[in-house]
Amino acid sequence: MNTRALLSVGVAALAACSVWAQEAGYPIEIVKPGTGSPAYPPGYQTPWDRVQIMVTSKMSPNLFVLHGSEGLDPAHPDASGGRVMVLFGPDGVLMVDTENRQVAEKTLQAIRAFTSAPIKAVVNTHIHGDHTGANAFFGKQGALIFAQDNLRIEMVRPPQRAGGPPAAAPDMAGVPVVTYNYDAAAPGESAVTLNMNGEIVDFIPMMPSHTAGDTIVRFRKANVIYIEDFYRNFGYPFADQANGGSIRGMLEAVDLIERLADAKTTLVPGHGTLVKKQDLLPYRAMLVDMLAKVKALRDQGKSLKDVLAANLTAPYDKATLGDTQQSKDRFVTEVYDEVKDFPPVVDGKRAMPAHP
Ligand SMILES: [Zn+2]
C-alpha cells in the first residue's frame, strides 16, 4: 500500500469512529519479522543507510507498530532495532520507544506517512540503544519523555562494564523528564495513565527483569500490551544484569502478564513475533528448568566453563529461532551468576562479576 492510500484509510477510519473499542479485524500484520541470517562476516558493520523503518502492523485504526528491515543488522537479523508503537490523532503522537539513533530521521518519516500530528510524548520501555537511541531526536521534536527513574539513572550514570571504556555523556535532550518507580507492593499498577486520541494508555513499571528500569505499555481499548524485551522468541533470553536485570524477575514478569492480559490480548515484544499470553508459558518453563539445572551444577562446585560445556540449552535449540552460540552462552552465564551471590540493584545497576 502506498503512502497516499495509507493516509486515506487512516482518515476514513478516524472519521468513522468516535470510540476505539477493540475493532474487529485487528491486529493487521503487514510485515512479519524474517527468520534472520545470523552469519555475518567478521568486522561487518550495519549499513544503516539500507535499513528501512516501516509500519509492520496495525493494532487499531490509530495505533501502529514500526520495525526495521531484516537481514542487515547483526544485533537483530530478523528485523532491525526494537519495535516502536505510535498512537496518533488530534491529541498528537505518543511513541513507545524511539529506535536506533542512526534511523531517527527514517522513523520520523515513517510516522509522517500516516500523521502530521505533533510528537507529544515518548515512553521508554528500557534503556537499550535500539529502544532509546533516537530519544534526543524526538525530544527535540517536542516530545516529553517518560520512564522509570532507574532508566534515567542508568542513562545518566551507565554501569561500569568489565574492561569497557567509560560511556559517553548522554545528550540531555534524550533523558527522561517524567519518572516514576516500580512498587513491589503493587505489581501491575499503572504509574501514568494517558487519555489520548480515544485510547487509554497505561505505563506500568516492571520489577527488575530485562533491566531495572522496564516499563510495559497497555492500550486498554485496542487490548494490546507492549511487553518489551523480558520475553523474546528470537535468540535466548537476555537479562541485562549490569543494568539491574534478573532472570527470576523475568519469571515474575511473565506471571504478571498472565494476570494483566486476557486470552485475546495482543502482546507486542520488542523483537520477534507478536504473541498471546499462552505463548509465554514454554518460555517460562525453560527459565525454571535452566535455573534448576544450572543451580544443581553450581552447587556441585562446577565452574562457568564446565556449565557452558554441559550444553544445557540443547533441548531448546530446535525451537529457538536465532539460537547463536553467543546468545546461549550469554543466557547460561546470566543464570550461573544469578543462582549464587547475585548482587543487589543499587541505583538501577548491579556490580556483576567479570568472567575472563
Ligand atoms: Zn530490544
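See the structure printed just above.
Residues numbered from 1 in each chain as written. Predicted model: local features only at pLDDT ≥ 70, side-chain atom pairs only at ≥ 80, totals over all residues. Heavy atoms only, no water.

J.: How do you make sense of the overall build of the protein chain when you look at a structure like this?
T.: Tallying secondary structure elements over the protein chain gives 10 helices and 13 strands in all. Its C-alpha radius of gyration of 20 Å places the protein chain within 12% of the 21 Å reference for a compact globule of 356 residues. Counting across all 356 residues of the protein chain, residues that qualify as buried make up 55%. Contacts in the protein chain between residues far apart in sequence, at least 24 positions, make up 67% of those at least 6 positions apart. Of the roughly 15200 Å² of accessible surface on the protein chain, a fraction of 55% belongs to carbon and sulfur atoms. Charged side chains of the protein chain number 34 positive and 38 negative; the gap between the two group centres comes to 1 Å. (Helix = DSSP H or I, 4+ residues; strand = E, 2+ residues; numbered from the N terminus. Rg over C-alpha atoms; globule rule 2.2 N^0.38 Å. Buried < 20%, exposed > 50% of the residue type's maximum accessible area, 1.4 Å probe, protein only. Contact = heavy atoms within 4.5 Å. Areas by Shrake-Rupley, 256 points an atom, 1.4 Å probe, with all protein chains shown as cover. Lys, Arg positive; Asp, Glu negative; His and termini not counted. Charge placed at Lys NZ, Arg CZ, Asp CG, Glu CD.)

J.: Help me understand the packing of aromatic side chains, please; the structure alone is not making it clear to me.
T.: Aromatic ring pairs: the centre-centre distance and the angle between the two ring planes describe each pair. For the coordinates displayed, the defined rule picks out 8 aromatic pairs. Each ring, one from Phe 146 and one from Phe 203, has its centre 5.3 Å from the other, and the planes form 75°; the classification is edge-to-face. Of the two residues, Phe 146 sits in strand β7 (residues 144–148) while Phe 203 sits in strand β10 (residues 199–205), which places them 57 residues apart along the sequence. Accessibility assignment for this pair places Phe 146 and Phe 203 in one class, buried. Between the aromatic rings of Tyr 231 and Tyr 283, the centroid separation amounts to 4.8 Å while the plane-to-plane angle is 65°, which identifies the pairing as edge-to-face. Taken together, the residues span a long stretch of sequence, with Tyr 231 in the loop between β12 (224–228) and α6 (247–260) and Tyr 283 in helix α7 (residues 281–299) at a distance of 52 residues. (Phe/Tyr/Trp six-rings, centres within 6.5 Å; stacked < 30°, edge-to-face > 60°.)

J.: Can you help me understand the layout of surface pockets in this one?
T.: Sizing a probe to match a water molecule and rolling it over the atoms shows the empty space that remains. Taken as a whole, the largest pocket encloses approximately 950 Å³ of empty space. Together, 31 residues line the largest pocket, and Ile 127, His 128, Gly 129, Thr 132 and Met 155 are the ones closest to its centre. Of all the elements in the fold, those that place two or more residues in the lining of the largest pocket are α3 (129–132), α4 (135–140) and α5 (149–156). A per-class count over the lining of the largest pocket returns 14 nonpolar, 11 polar and 6 charged. (1 Å grid on protein atoms, 1.4 Å probe; cavity = no way out; pocket = protein on both sides within 12 Å on 5 of 7 lines; lining within 4 Å. Points joined across faces, edges and corners; volume = space filled by probe spheres on them. Nonpolar A, V, L, I, M, F, W, Y, C, P; charged D, E, K, R; others polar.)

J.: Which parts of the structure should I look at to understand the coordination of the zinc ion?
T.: For a metal with four tetrahedral donors the ideal donor-metal-donor angle is 109.5 degrees, whereas six octahedral donors ideally subtend 90 or 180 degrees. Within the protein, the zinc ion binds to His 131 (NE2), Asp 229 (OD) and His 271 (NE2); these donor distances fall in the range 1.9 to 2.0 Å. Look at where the donors of the zinc ion fall in the sequence and you get H-x97-D-x41-H. With His 131 in helix α3 and Asp 229 in the loop between β12 and α6, this pair connects stretches of sequence that are 98 residues apart. Comparing His 131 with Asp 229 shows no difference in burial state: the two are buried. (Donors = N, O, S within 2.8 Å, 3.2 Å for Na, K, Ca; no water.)

J.: Please clarify how the environment of Ser 209 should be interpreted in this entry.
T.: The topology assignment puts Ser 209 in the loop between β10 and β11 (215–219). Ignoring anything within four residues of it in the chain, the contact list for Ser 209 reads Asp 214, Phe 230, Ala 239, Gly 245, Ser 246, Gly 249, Met 250 and Ala 253.

J.: What should I look at first to understand unusual backbone geometry in this one?
T.: One can expect most non-glycine residues to show negative phi and most peptide bonds to be in trans. Along the chain, Tyr 26 connects to Pro 27 via a cis peptide bond; the corresponding omega equals 0°. Along the chain, Pro 27 falls in the loop between α1 (3–16) and β1 (28–29). Look at Asn 311: it is not a glycine, yet its phi comes out positive at around 55°. Among the secondary structure elements, Asn 311 is positioned in the loop between α8 (304–309) and α9 (314–317). The phi dihedral of Asp 347 is positive, around 50°, even though this residue is not glycine.

J.: Can you walk me through the side chain of Asn 135 in this structure?
T.: Residue placement: Asn 135 occurs in helix α4. Overall, Asn 135 belongs to the buried group, its relative accessible area being 2%. A polar atom in the side chain of Asn 135 sits 3.0 Å from the side chain of Thr 98. At a separation of 2.8 Å, a polar atom in the side chain of Asn 135 contacts the main-chain carbonyl oxygen of Gly 174. (Polar contact = N/O pair within 3.5 Å; in protein donor to acceptor, adjacent residues only side chain to side chain.)

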